[in-house]
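Here are the chains, one letter per residue:
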Amino acid sequence: MTIRVVVAEDQNAVRAGLVLILRSAGDIEVAGEAADGEEAVRLARELRPDLVLMDVQMPRLDGVSATRQVVAEGLADVLVLTTFDLDEYVFGALRAGAAGFLLKNADAAELIEAVRTVARGEGLIAPAVTRRLIAEFAAPRAAVRAPVPEGTAAAVASLTRREREVLGALGKGLANAEIAVRLEMAEATVKTHVSRLLGKLELRSRVQAAVLARELGL
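Note that the structure is predicted; figures quoted are calculated from it, not measured.

Conventions we followed
Residues numbered from 1 in each chain as written. Predicted model: local features only at pLDDT ≥ 70, side-chain atom pairs only at ≥ 80, totals over all residues. Heavy atoms only, no water. Helix = DSSP H or I, 4+ residues; strand = E, 2+ residues; numbered from the N terminus. Polar contact = N/O pair within 3.5 Å; in protein donor to acceptor, adjacent residues only side chain to side chain. Contact = heavy atoms within 4.5 Å. Buried < 20%, exposed > 50% of the residue type's maximum accessible area, 1.4 Å probe, protein only. Axes fitted to C-alpha atoms, helices over the stretch in contact; angles between N-to-C directions. Parallel < 35°, antiparallel > 145°, perpendicular 65-115°, else oblique. Nonpolar A, V, L, I, M, F, W, Y, C, P; charged D, E, K, R; others polar.

## Looking at the side chain of Glu9
Move 1: Summarising the element assignment, Glu9 is placed in the loop between β1 (3–8) and α1 (12–23).
Move 2: There is a polar contact of 2.9 Å between the side chain of Glu9 and the backbone nitrogen of Gln11.
Move 3: What Glu9 contacts, discounting residues up to four positions off in sequence, is Val14, Arg15, Leu18, Ala34, Ala35, Asp55, Met58 and Lys104.

## Structural notes on helix α8 (residues 161–171)
Move 1: Within α8 the residues assigned to the buried category are Glu163, Val166, Leu167, Gly168, Ala169, Leu170 and Gly171.
Move 2: Immediately beyond the C-terminal end of α8, within one or two residues, lies Gly173, with a positive phi of roughly 80°.

## As for unusual backbone geometry
Move 1: Despite not being glycine, Arg48 shows a phi value in the positive range, around 45°.
Move 2: On the secondary structure map, Arg48 appears in the loop between α2 (37–47) and β3 (51–55).
Move 3: For Arg48, a relative accessible area of 51% corresponds to the exposed category.
Move 4: With a phi angle near 55°, Glu202 is a residue other than glycine that sits in the positive phi range.
Move 5: The residue Glu202 is located in the loop between α10 (187–201) and α11 (206–216) in this model.

## Observations regarding the packing of α10 against α11
Move 1: Running from N to C, α10 and α11 cross one another at 70°; their axes reach a closest spacing of 10 Å. Here α10 is positioned roughly perpendicular relative to α11, judged by the angle of their axes. Residues Val194, Leu197, Leu198 and Leu201 of α10 lie in contact with α11, whose contacting residues are Arg206, Ala209 and Leu212.

## A closer look at the packing of α8 against α11
Move 1: With their axes 7 Å apart at the nearest point, α8 and α11 run at an angle of 95° to one another. It follows that α8 is roughly perpendicular to α11 by the angle criterion. Along its contact with α8, which presents Leu167, Gly168, Leu170 and Gly171, the element α11 presents Arg206, Ala209, Ala210, Ala213 and Arg214.
Move 2: Of the residues belonging to the contact of α8 with α11, the class tally is 5 nonpolar, 2 polar and 2 charged.

Shown next as structure tokens:
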């Protein structure tokens, strides 16, 4: 199956490089290119790609705001390009429902695999990035022992034992294949559990589920 991608990056040279790398993969099609957030949202609406590769810093509409619109309208999954000296942007993208995060200095193979991973529905990519992100995002709330909202607590209580185990594994930054090995179940079953728990918890991405798991101490 071909993965259709919109590349959103305001620097022409960087965008051209990303496009060149993605087009080198036989299963990835670059459906469109955007130089700013507004154009990224417009192309997502028009082309309905599988994924938007989104830079966080762009003119007219920043990547975080563009991510929020794309995710809220259910137009595509969003893979955010970031650096860790811009944590506020990363956290904003996570709140907006980004499916995954990739460092801008990732090599070609890592970029292609990240796109494939998100396209498979496995939003937790690049453990070195996401595990740190999860830990840092959850830490401030955990430090002040803020209570989990009543609605969220009720939703968590509605999870089955297996769904809670999968949620805990997400909190550790594990991918579906790793969760399948740890919990001794088929990878397809893991994917089903992830989809169900996201629905029950009204979360937009696996990364948000992972943060919640850390906050709950699972």
